[in-house]
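# Structural features, examined
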Amino acid sequence: MDMDEPAWPLIDDFFRQLAVGRKPETVRRYQRVRHRLLTFLDTGDMTLGLGSHPAVLLEAERQFHETGGFWTLFGPDELVMCLPSFLHESWWPEGAGEARTQISVVGRLLTHLSRKRVLDWSIVRCAYWEAEAAVVQARRDLAQRPPGPGGVHQLPSRFRQEPGPQW
């Protein structure tokens, strides 16, 4: 991974700006989203976003570099193409609050990339719209997700009073 590549400062600056004026708990959530995003870019299947040939090329690059293979080959345009896969439920954290933060951050990242004028709109226009639609759909899916382990509505077992033996 070469930290001087243009994509790294772009991501780092985005998360730095996002954290300005936020509570420490919120900043830690943003850091966890950043970590999941980088893990996704280093390990995730990018076939849906990039197509089969670029995805195979990425897999080959990952064999040489554990981290940063995505940024070695691709840039912000390809990131936009892959973000809908990052919004899939399989990449959500367990807690609803954390998942909501991840979805929100992706929406803000799309806006940030657009405002920074780093996207080639002739290439990425449709993918950008698809990514925006994926944010909306992820919000709907999260709202319909039944509470489960780690969900907001589930009381941890240590706080539940289980009935004792009946005599």
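Quick summary incoming for the structure in this document. Treat the numbers as computed from the prediction; the structure is a model and nothing was measured.

## So, the pattern of salt bridges
The full count for this structure, using the stated rule, is six salt bridges. The salt bridge involving Arg34 is made with Asp12; its shortest N-O contact spans 2.4 Å. Residue Arg34 is found in helix H2 (residues 24-43), and its partner Asp12 is found in helix H1 (residues 7-19); the two are separated by 22 residues along the sequence. For Asp12, a relative accessible area of 18% puts it in the buried group. The partner of Arg29 in a salt bridge is Glu98, and the shortest N-O contact between them spans 3.6 Å. With Arg29 in helix H2 and Glu98 in helix H7 (residues 96-115), the pair connects residues that are 69 residues apart, well separated along the chain. For Arg29, a relative accessible area of 33% corresponds to the partly exposed category. One network of salt bridges, with partners in common, ties together Arg29, Arg32, Arg36 and Glu98.

## Some words on helix H8 (residues 121-144)
Spanning 24 residues, H8 covers 33 Å between terminal C-alpha atoms, matching the ideal 34 Å at 1.5 Å per step. Its maximal kink placed at Ala127, H8 deviates by approximately 25 degrees. If you check which residues of H8 are buried, you get Val124, Ala127, Tyr128, Ala131, Ala134, Val135, Ala138 and Leu142. Buried residues along H8 sit against helix H6 (76-86) and H7.

## Describing unusual backbone geometry
Residue Arg117 is not a glycine yet carries a positive backbone phi of 60 degrees. When you line up the elements, Arg117 lands in the loop between H7 and H8. In this structure Arg117 comes out as exposed when scored by relative accessible area, which is 74%.

## Digging into the packing of aromatic side chains
Inspection of every chain in the model, using the stated rule, returns seven aromatic pairs. Relative to Phe86, the ring of Phe40 has its centre 5.3 Å away and its plane inclined at 40 degrees; by these criteria the two rings are tilted. Of this pair, Phe40 sits in helix H2 while Phe86 sits in helix H6, and the two are 46 residues apart along the sequence. Phe40 sits in the buried class, given a relative accessible area of 0%.

## Side note on the packing of H6 against H8
Working note: a packed helix pair is described by the angle between its axes plus the distance between those axes. Where H6 contacts H8, the two axes come as close as 8 Å, and the packing angle between them is 30 degrees. Every pair of crossing elements has a handedness; the one defined by H6 and H8 is left-handed. For the pair H6 and H8, contact is made by Asp77, Val80, Met81 and Pro84 and by Ile123, Val124, Ala127, Tyr128, Glu130, Ala131 and Ala134, respectively. Its residues assigned to classes, the contact of H6 with H8 shows nine nonpolar, no polar and two charged.

## Description of the environment of Tyr30
Within the fold, Tyr30 resides in helix H2. Judged by its relative accessible area of 7%, Tyr30 falls in the buried class. Sequence separation of Tyr30 and Ala19 is 11 residues, and the distance between their C-alpha atoms is 7.3 Å. Setting aside its immediate chain neighbours within four residues, Tyr30 contacts Phe15, Leu18, Ala19, Arg22, Thr101, Val105 and Arg108. A distance of 3.0 Å separates polar atoms of two side chains, one belonging to Tyr30 and the other to Arg108.

What counts and what doesn't
- Residues numbered from 1 in each chain as written.
- Predicted model: local features only at pLDDT ≥ 70, side-chain atom pairs only at ≥ 80, totals over all residues.
- Heavy atoms only, no water.
- Salt bridge = Lys/Arg side-chain N within 4 Å of Asp/Glu carboxyl O.
- Helix = DSSP H or I, 4+ residues; strand = E, 2+ residues; numbered from the N terminus.
- Buried < 20%, exposed > 50% of the residue type's maximum accessible area, 1.4 Å probe, protein only.
- Expected span 1.5 Å × (residues − 1).
- Bend = angle between axes of the 7 residues up to and from the residue.
- Contact = heavy atoms within 4.5 Å.
- Phe/Tyr/Trp six-rings, centres within 6.5 Å; stacked < 30°, edge-to-face > 60°.
- Axes fitted to C-alpha atoms, helices over the stretch in contact; angles between N-to-C directions.
- Left-handed = near helix turned anticlockwise from the far one by under 90°.
- Nonpolar A, V, L, I, M, F, W, Y, C, P; charged D, E, K, R; others polar.
- Polar contact = N/O pair within 3.5 Å; in protein donor to acceptor, adjacent residues only side chain to side chain.

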